[in-house]
Amino acid sequence: MKARIASLAPGLAFIAFWIGALEVAARNGWVNRVFSPFPSEIAARLGGVLGSPALLEALGSTVGLLAAGFGLACAAGVLLGLAMGYHRPTYALLEPTLELLRPIPKPALLPPLILLLGLGAPMKVAIVFLGAFFPVLINTIEGVRTVDPVLVDVARTFRRGKLATVFRVILPASLPMILAGMRVSLGLGLILVTLAEMLTGTHGLGAQLVDAQRAFRVQDMYAWTVVLASLGLALALSFDALERRLIFWSSRR
Amino acid sequence: MAELLEIERVAKTFGAVEPVAALRSVDLAVAKGEFVSIVGPSGCGKSTLLQIIAGLIPASAGEVRLSGRVVREPPEGVVYLFQQYSRSLFPWLTVAENVRFGLRHSAQDRCRELLQMVGLADFSARYPWELSGGMQQRVSIARALAAEPSVLLLDEPFSSVDALTRLELHGLILDLWGKTGLTILLVTHDVEEAVYLSDRIALLTRRPAEVAEVFANALPRPRRPVESREDARFLALRHELLTRLLQPA
Amino acid sequence: MIAMQLRGFGVVVGLLLLWELSVRSGAVRSESWPAVSTILQALGTGFQAEGWGQVFGSSLRRMAMGFLLAAFAGITLGLLLGASPRLHRIVMPTQEIFRVLPGPALVPPLIFLLGVDDALKVSVIAIAAFFPILLNTIAGVKAADPVHLLVARTFRIPRRRVLLGIQLPSALPYVFAGCRISLGIALIVTVVAEMLAGSEGVGYFIVSMQYAMRAGDMYAAIVLLSAIGYLLNRLFLALERRALWWARGLERQAAHG
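Residues numbered from 1 in each chain as written. Chains lettered and ligands numbered in written order. Predicted model: local features only at pLDDT ≥ 70, side-chain atom pairs only at ≥ 80, totals over all residues.

Participant: Could you give an account of the pairing of strand β10 (residues 209–216) of chain B, with specific residues and numbers?
Facilitator: In summary, the side chains of a regular strand alternate between the two faces of the sheet. Residue and element names in this part refer to chain B. Relative to β10, strand β2 (residues 20–31) runs parallel, the two sharing two bridges. Residue Ser 25 lies in a different strand from β10, and its bridge partner there is Glu 210. Here strand β9 (residues 200–204) folds back onto β10 in antiparallel fashion, the turn holding four residues. (Pairing = 2+ DSSP bridges. Helix = DSSP H or I, 4+ residues; strand = E, 2+ residues; numbered from the N terminus.)

This is how it looks when you write it as structure tokens:
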């Protein structure tokens, strides 16, 4: 732990340095004081945001939608990926359809989804789902395909049934690949939920950000940006921790 | 003597476009409780033969029968011990959990007993990748025994451990074989190992392989790691087998 | 096998037919659910009626500018950070902060700093496309064969030549992989930026068709956009294969050795 802090120290010092530089530049009017980030002012606004019910409301809304869409995408992606990776006919049956849907840039689907599902939560969950589904699916298929055949043969020589083989051997063995896909999906999900909130401007962190921008509350907008970055960081770190717990064995073989 | 395992004219050809014949026609019968080794030049298809016997891959022709029933998929009572033991253990399971994978019912006591038999009682909570190669192979032996097989198929199980560990594992296998009344079929390229361990030795030809000759082993039991290897009967059979193996094609 | 593949394409055709029928039969009556034939028609007339050459051309130009900026900055900085662990340690936390910030959130602040014109969009595209190239280049430089580096040291080859002569070539497969990911991201972010700010390009077109309730044109633009994304990826893969012929040889050697 101490070593980790020591290795982070130069980087944290660098962050402190450029925040300080921004502060000095804004104070002395070297940059536009209204539009540029003004660290002490942002900190003050952040203090206001942190104490306000708006933060909990926005955070709850964004995280809730993200969790719903991401959770559904993981469940669907892993199950379908196991089926497609393990069972060739299923793969051949579904592959053309999925290859057709995969290259669609997901943000471009927001307008049609708004037309079909409206501006509320279902639309936002749907866009997160669509964005997060494919990386999980692709990585699960790839993970299943690259499972060491010796492990599958072990299950066969011990006469384990297909279901037990899939869930007790193939699923854990492909977990490193699956989690790598989920990590990409989580990032995409956060991007898409933010974008959806920005476009609809009703609830969540994205909406707060756009509200602040449109109302020219510039430093508030920066404060919300900080909140969003913190959420991104918290999600990434939690995912790291989860990965360390679930696949502690994968780098050790 | 009643034959437990019968291998009849088993042939194997790989590839449809440019077929490569691995096994021409192999005949062999193994009685219950016997310890039989299969030796042959490297790349002659020994492992392929063992995998066919295990029901892991199908034969192109001929058949394998276990107690008179034709083997088409991994049969009940037969366990195959992989050469790549470190790859055959589940890295996400502890030693005890790996052994329990072999058990029909998760019986705690049986698992502890098995780990004791292979001398790993103190390592049950460790992970396979924390153990040495020899210990990993002991885990996979315990896991194989957990399934209570009547036939154990060993695919060069001692080939990637150091020489001393190999001798220890030989002792362990003979000990377990004596206690359980197992039937063991061992594939190896190590002639000494085959002579030291088995009752009979089947010598395969170069690929496409068939059985050149089956040798009965007159070396008395119990086998002892040092003395048995100095026995005239050991040396004579080793001489014969090595000479045959080294013969130019 | 071929029969299985045919069945797969059958599924695609079947779904499209079902879609068409759902509209023709009157089962679904909705402005936002046009028939497949309507979309295809819009796709046919789009270039004349809507001036799609202009719409897509301006998007692709912005995308290319952003991508090239990202590639230049990402490769240069990646080489530097990959070769100097000390520098990398200093910049790492800053890099992480910007990497975890969701891309669209960059748009509102940058609107104030850069306006709503091309400068904004190109910057947002460049920033988003920058990270995969940067991270892959760093990883690639670090993956250079230590034996090669030792050989260079025994021959007392200067550091700059080691960087450009050994570490860059060995990083190239990683750089290309990063660029391909970034190319996909660049296209996506182009659409996002145009949706959030602006008055031209595909993103703007799709959103305005949504407002105008012209679902046929909207879907047609999405179809064309997806096709462009697919082709760009394919093109880049082909380019990669040509540029990295030697890396494949190495792989083959490694597999046999």
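Participant: An account of the packing of helix α5 (residues 133–146) of chain B against helix α6 (residues 163–180) of chain B is needed here, citing residue identities and associated values.
Facilitator: Residues and elements named next belong to chain B. Closest axis-to-axis distance for the α5/α6 pair is 10 Å, and the angle between their directions is 15°. On the basis of the axis angle, α5 is roughly parallel to α6. Handedness of the crossing formed by α5 with α6: right-handed. Contacts from Gly 134, Gln 137 and Leu 145 of α5 reach α6 at Thr 165, Glu 168, Leu 169 and Leu 176. Classifying every residue of the contact of α5 with α6 by side-chain character gives three nonpolar, three polar and one charged. (Axes fitted to C-alpha atoms, helices over the stretch in contact; angles between N-to-C directions. Parallel < 35°, antiparallel > 145°, perpendicular 65-115°, else oblique. Left-handed = near helix turned anticlockwise from the far one by under 90°. Contact = placed C-beta atoms within 7 Å. Nonpolar A, V, L, I, M, F, W, Y, C, P; charged D, E, K, R; others polar.)

Participant: I'd love a proper account of the interface of chain C and chain A, names of residues and values included.
Facilitator: Contact with chain C, which involves 44 residues of that partner, is made by 44 residues of chain A. Across the side of chain C that touches chain A, the residue classes break down as 34 nonpolar, eight polar and two charged.

Participant: So, unusual backbone geometry: which residues are in play, and what are the values?
Facilitator: A cis geometry characterises the amide bond from Arg207(B) onward to Pro208(B), with omega recorded as -5°. You can see Pro208(B) is positioned in the loop between β9 and β10. Each neighbour pair has its own omega, and for Arg221(B) with Pro222(B) the value is -5°, a cis peptide bond. Along the chain, Pro222(B) falls in the loop between β10 and α8 (227–230). Even without being glycine, Arg159(A) reaches a positive phi, approximately 55°. Examined against the element boundaries, Arg159(A) turns out to sit in the loop between α7 (149–157) and α8 (162–173). Of the residues examined, Arg159(A) has 17 C-beta atoms within 10 Å and is grouped as partly exposed. Positive phi, close to 45°, is recorded for Arg9(B), a residue that is not glycine. (Buried ≥ 20, exposed ≤ 12 C-beta atoms within 10 Å, placed from the backbone.)

Participant: Provide a residue-level description of the environment of Leu115(B), including the pertinent values.
Facilitator: All names here are of chain B. Inspection of the secondary structure puts Leu 115 in helix α4 (residues 108–117). Distance from Leu 115 to Val 95, taken between C-alpha atoms, is 8.8 Å for residues 20 residues apart in sequence. With residues up to four places along the chain from it excluded, the contact list for Leu 115 reads Ala 96, Val 99, Leu 120, Ala 121, Ser 124 and Ala 142.

Participant: Can you break down the arrangement of the chains residue by residue, with the values?
Facilitator: No other pair of the two pairs of chains in contact has as many contacts as chains A and C. When C-alpha atoms are compared, chain B and chain C, though not in contact, are closest at a spacing of 15 Å.

Participant: Which residues make up the interface of chain B and chain A, and what values go with them?
Facilitator: Listed by partner, the interface residues are 18 residues for chain B and 13 residues for chain A. Listing elements by their share of the side of chain B that touches chain A, those giving two or more residues are β6 (78–81), α2 (85–88) and α3 (95–102) of chain B. Of the residues contributing to the side of chain B that touches chain A, the split by class is 13 nonpolar, three polar and two charged.

Participant: Quick one: what's the story with the pairing of strand β7 (residues 151–155) of chain B, residue by residue and with numbers?
Facilitator: All names here are of chain B. Of all five residues that make up β7, five are buried, and the element is covered over most of its length. As judged from the four bridges shared by β6 and β7, these two strands associate in the parallel manner. Across the sheet, Tyr 80 pairs through a bridge with Leu 153, a residue of β7. In terms of strand pairing, β7 meets strand β8 (residues 183–188) through five bridges, oriented parallel. Bridge pairing links Val 151 to Thr 183 in β8. Handedness of the crossover joining β7 and β8 through α6 is recorded here as right-handed. (Right-handed = clockwise from strand over helix to strand, strands pointing away.)

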